[in-house]
Amino acid sequence: MKKTFSSKLKLLFRTVSWLPLMCVPHYLAAAPTSVTLEHIKASHIINIGYRQLEPFSFRDNSGEVSGYTISLCNKVADEIKHSLGLKKLDIHYIPTLFTERVSALNSSKIDFDCSVNTDAPERQKSVSFSIDYYTANMRIVSLRQNNIQTLNDLKGHTVSVPRGSKDLLELNRVNREKHLSLSIITSDTVADAFDMVAQKRTAAVVLDDILAYPFINQSEKPEAFTVSHEIVGEKMKYAIMMRKEDPLFVAFVDKTLEHIFDSPLNTQWTNKWLTQKVVLKN
């Protein structure tokens, strides 16, 4: 007889054995269910949300979606395919704006978001996060001619930042606490926020440092930009974003990530994607 989906989920839950039994809710241990896994099992498709944010997720010139976080999520997809006994599992990469992530998850447009997502307490009310896979610092990026290196230098200036991002939340907090009198302009994407500085529409963009380097390197004059030594606000802890109320899927993703972090594969991916610096042209 063919195994039912329910029995496969039970086998999946036993096989991974990721959490101590005392940590598993009684109802979950008795009859584990997962909206996300059920959707993937029924459709043989996994939908991955991403944004154009090197080096974590981006579509390159050849049309391939890649990056550090995409590599992690592709590995999660492989484990799902194996654990559910699927002969075929198609991966669809869905471009998803910062402001669309929660609605895309709740409507099942995407099964999880594999771009840059900062784990923040205010977001945990509406979505779930995996364990952290990277920690970034938010810094001031500006044209060197503007002579802006610190928050004090930024006082009274116009700053660009993507809406829906943790950077915006932190910048608003710092602006209030330090009385910087900033004029904050929001954009749909990080690229748009950076372009405002390049086009001299704003004095600076406040951005996670590792996200700034690719934009600077791809600009016409990388040497024209500067990244502050001063850190703005709290550290940004990146994690994979998933829909709320699906603890089995969260546990699956977390355990897969733990295995990756303990393997040589993570060192390989870290060296490939996360060693970022400004490269001067010519």
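In short, a report on the structure. This is a predicted model, so every value here is computed, not measured. (Residues numbered from 1 in each chain as written. Predicted model: local features only at pLDDT ≥ 70, side-chain atom pairs only at ≥ 80, totals over all residues. Heavy atoms only, no water.)

### Notes on the state of the cysteines
Inference 1: Scanning the entire structure with this criterion turns up one disulfide.
Inference 2: One disulfide bridge connects Cys-73 with Cys-114, the sulfur atoms lying 2.0 Å from each other. When the S-S torsion is -100°, as for the bridge of Cys-73 with Cys-114, the disulfide is left-handed. Of the two residues, Cys-73 sits in helix 4 (residues 68-83) while Cys-114 sits in the loop between strand 5 (112-113) and strand 6 (127-129), which places them 41 residues apart along the sequence.
Inference 3: A relative accessible area of 0% means that Cys-114 is categorised as buried. (Disulfide = S-S within 2.5 Å. Helix = DSSP H or I, 4+ residues; strand = E, 2+ residues; numbered from the N terminus. Buried < 20%, exposed > 50% of the residue type's maximum accessible area, 1.4 Å probe, protein only.)

### Some details on the pairing of strand 8 (residues 138-143)
Inference 1: Of all six residues in strand 8, six are buried, a share of seventy percent or more.
Inference 2: Here strand 8 runs beside strand 11 (residues 204-208); their pairing, made up of five bridges, is antiparallel. Bridge pairing links Ile-140 to Val-206 in strand 11.
Inference 3: Here four bridges tie strand 8 to strand 12 (residues 225-231), and the two strands are oriented antiparallel to one another. Across the sheet, Leu-143 pairs through a bridge with Phe-225, a residue of strand 12. (Pairing = 2+ DSSP bridges.)

### Concerning the sheet that holds strand 1 (residues 45-50)
Inference 1: Spatially, the five strands line up as an open sheet ordered 4-1-5-14-6, and their pairing is mixed. Either end of the sheet is taken by a strand with one partner, and the two such strands are strand 4 (90-95) and strand 6.
Inference 2: Relative to strand 14 (residues 241-243), strand 5 runs antiparallel, the two sharing two bridges. Its bridge partner lying in strand 14, Asp-113 is registered against Met-241.
Inference 3: The strands touched by helix 3 (residues 35-43) within the sheet are strand 1 and strand 14, with strand 1 carrying the most contacts at an inclination of about 125°.
Inference 4: Against the sheet, helix 4 touches strand 1, strand 4 and strand 5, its axis set at about 165° to strand 1. (Contact = heavy atoms within 4.5 Å. Axes fitted to C-alpha atoms, helices over the stretch in contact; angles between N-to-C directions.)

### Some points on empty space enclosed by the protein
Inference 1: Following the criterion strictly, the structure yields one cavity of 30 Å³ or more and no others.
Inference 2: Approximately 90 Å³ is the volume attributed to the largest cavity.
Inference 3: If you trace the largest cavity, you find 14 residues lining it, with Phe-98, Val-116, Ser-165, Lys-166 and Asp-167 closest to the centre.
Inference 4: At the level of secondary structure, the elements contributing two or more residues to the lining of the largest cavity comprise helix 7 (166-178) and strand 11. (1 Å grid on protein atoms, 1.4 Å probe; cavity = no way out; pocket = protein on both sides within 12 Å on 5 of 7 lines; lining within 4 Å. Points joined across faces, edges and corners; volume = space filled by probe spheres on them.)

### Remarks on helix 3
Inference 1: Buried within helix 3 are the following residues: Thr-36, Leu-37, Ile-40 and Lys-41. Down the axis of helix 3, the buried side of the element spans an arc of 130°, and every buried residue falls inside it. (Arc of directions from axis to C-beta.)

### Quick notes on the packing of helix 4 against helix 10 (residues 247-261)
Inference 1: Here helix 4 crosses helix 10 at 115°, and the two axes come no closer than 10 Å. The interaxial crossing formed by helix 4 with helix 10 has right-handed handedness. Between helix 4 and helix 10, the residues in contact are Tyr-68, Leu-72, Lys-75, Val-76, Glu-79, Ile-80 and Ser-83 and Phe-249, Phe-252, Val-253, Thr-256, Leu-257, Ile-260 and Phe-261, respectively. (Left-handed = near helix turned anticlockwise from the far one by under 90°.)

### A short note on the layout of surface pockets
Inference 1: Here the largest pocket is characterised by a volume of approximately 250 Å³.
Inference 2: Among the secondary structure elements, those contributing two or more residues to the lining of the largest pocket are helix 8 (190-198) and helix 9 (209-218).
Inference 3: Broken down by element, the residue count for the lining of the largest pocket peaks at four residues, all from helix 8.
Inference 4: Residue classes in the lining of the largest pocket are distributed as seven nonpolar, two polar and four charged. (Nonpolar A, V, L, I, M, F, W, Y, C, P; charged D, E, K, R; others polar.)

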